[in-house]
Amino acid sequence: MNIQSKPTILFFDSGVGGFSVYREVKQLLPDYHYLYCFDNAYFPYSEKPEEGIIERTLKICQRIDNLCSLDLIVIACNTASTVVLPVLRKHFSIPIVGTVPAIKPAAEQTQTKHIGLLATKGTVKRQYLSDLIDKYASFCQVEKIGSTKLVELAEHKLHGYPINLNEIKAELSEWENMPDLDAVVLGCTHFPLIKSEIQQCLPQVKYFIDSGAAIAKRVNSLLKEAKVRSKNQINSQVFCTKPLVKKDSLLQLIHSLGFEKLSLLDINSEILSDSDKK
Ligand code: DGL
């Protein structure tokens, strides 16, 4: 596959969470051309109004599509996916893949029929989520924790700050005394990035389930027949929407994930600037 024939896939999230989805896709499809954008100017999305999330997501995806014709977009964010997918699908003719909390696989795996959903405050209160539970897990007792704090802790960890296990424990304390809770859905893409810390706080849980692998399979099947639109490909890169205060750890991370650079995306202008100059 030469560079011109590689489909370009954009991953979008409010922060670094989408990397947990990206790494699954990249592992299955190492030769594709990848872009990643995180909207740190509006992070965290957890408790933000739906209209704000919809407006920004649409604007950012259109802006990047203008820079480099995209072949597929992965909304690697459960919170955004619960509200933006219909709007994006109306504006784009390319496939838009959303991230849905893995309620169905959790309901299939649990032996005790007692499962937990760990997501953002926005995701746990959306109708979309209740419908998912009614459809796939009506025979289970489903506990829900909506947390913005856990999103911030995961984000800090990947930006190179130390993570405090007691803060995670405090967020999960409701579930501490539920010995038969055996499956937990990591319903925010940030949470697989702190899975080992979450695991330490909930030793009774046998299964931690996220949607990354399922998304990789979906992307693979959607792109099998795709005709590549992109002619002038830009470097495989990560965009942010606000300058970073501390970027050494993040730069190291994005390079290790296969991206060449970090750029600042001004969503209201056509100018793109390198953000990895020290
Ligand atoms: N990573 C996102 C999700 O999957 C959102 C985190 C946030 O900004 O609240 O829900």
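All values reported here derive from a predicted model rather than from experimental measurement.

Scanning the model with the defined rule gives six salt bridges in all. Across the salt bridge formed by Asp39 and Arg56, the nearest N and O atoms sit 2.7 Å from each other. Within this pair, whereas Asp39 is found in the loop between strand 2 (33-38) and helix 2 (50-67), its partner Arg56 is found in helix 2, the two being separated by 17 residues in sequence. Accessibility assignment for this pair places Asp39 and Arg56 in one class, buried. Residues Lys104 and Glu108 are paired through a salt bridge, measuring 3.9 Å at the closest nitrogen-oxygen approach. Here Lys104 and its partner Glu108 are both found in helix 4 (residues 103-109), four residues apart, which amounts to about one turn of the helix.

Working definition: an aromatic ring pair is given by the centre-to-centre distance plus the angle between the planes. The tally for this structure, following the rule as stated, stands at eleven aromatic pairs. Between Phe12 and Tyr45 the ring centres are 6.3 Å apart and the planes differ by 45°, which places this aromatic pair in the tilted class. Here Phe12, found in strand 1 (residues 8-13), pairs with Tyr45, found in the loop between strand 2 and helix 2; they are 33 residues apart in sequence, far enough to count as distant. Each ring, one from Tyr42 and one from Tyr45, has its centre 5.7 Å from the other, and the planes form 70°; the classification is edge-to-face. On the basis of relative accessible area, Tyr42 is assigned to the buried category, the value being 18%. Joined through ring pairs, the aromatic side chains of Phe11, Phe19, Tyr22, Tyr34, Tyr36, Phe38 and Phe259 make up one cluster. Stacked on the ring of Tyr42, the Lys or Arg Lys48 has its end atom at 5.1 Å from the ring centre. The positively charged end of Lys246 is found above the aromatic ring belonging to Tyr161, 5.4 Å away from the centroid.

In this section: helix 1 (residues 19-28). Where helix 1 is concerned, the buried positions are Phe19, Ser20, Val21, Tyr22 and Val25. Tucked inside the fold, the buried residues of helix 1 contact strand 1, strand 2, strand 3 (72-75), helix 11 (212-223), strand 9 (237-240) and helix 12 (248-256).

About the cut-offs
- Residues numbered from 1 in each chain as written.
- Predicted model: local features only at pLDDT ≥ 70, side-chain atom pairs only at ≥ 80, totals over all residues.
- Heavy atoms only, no water.
- Salt bridge = Lys/Arg side-chain N within 4 Å of Asp/Glu carboxyl O.
- Helix = DSSP H or I, 4+ residues; strand = E, 2+ residues; numbered from the N terminus.
- Buried < 20%, exposed > 50% of the residue type's maximum accessible area, 1.4 Å probe, protein only.
- Phe/Tyr/Trp six-rings, centres within 6.5 Å; stacked < 30°, edge-to-face > 60°.
- Lys NZ or Arg CZ within 6 Å of the ring centre and 35° of its normal.
- Contact = heavy atoms within 4.5 Å.

Remember that the coordinates give geometry; whether it matters functionally is a separate question.
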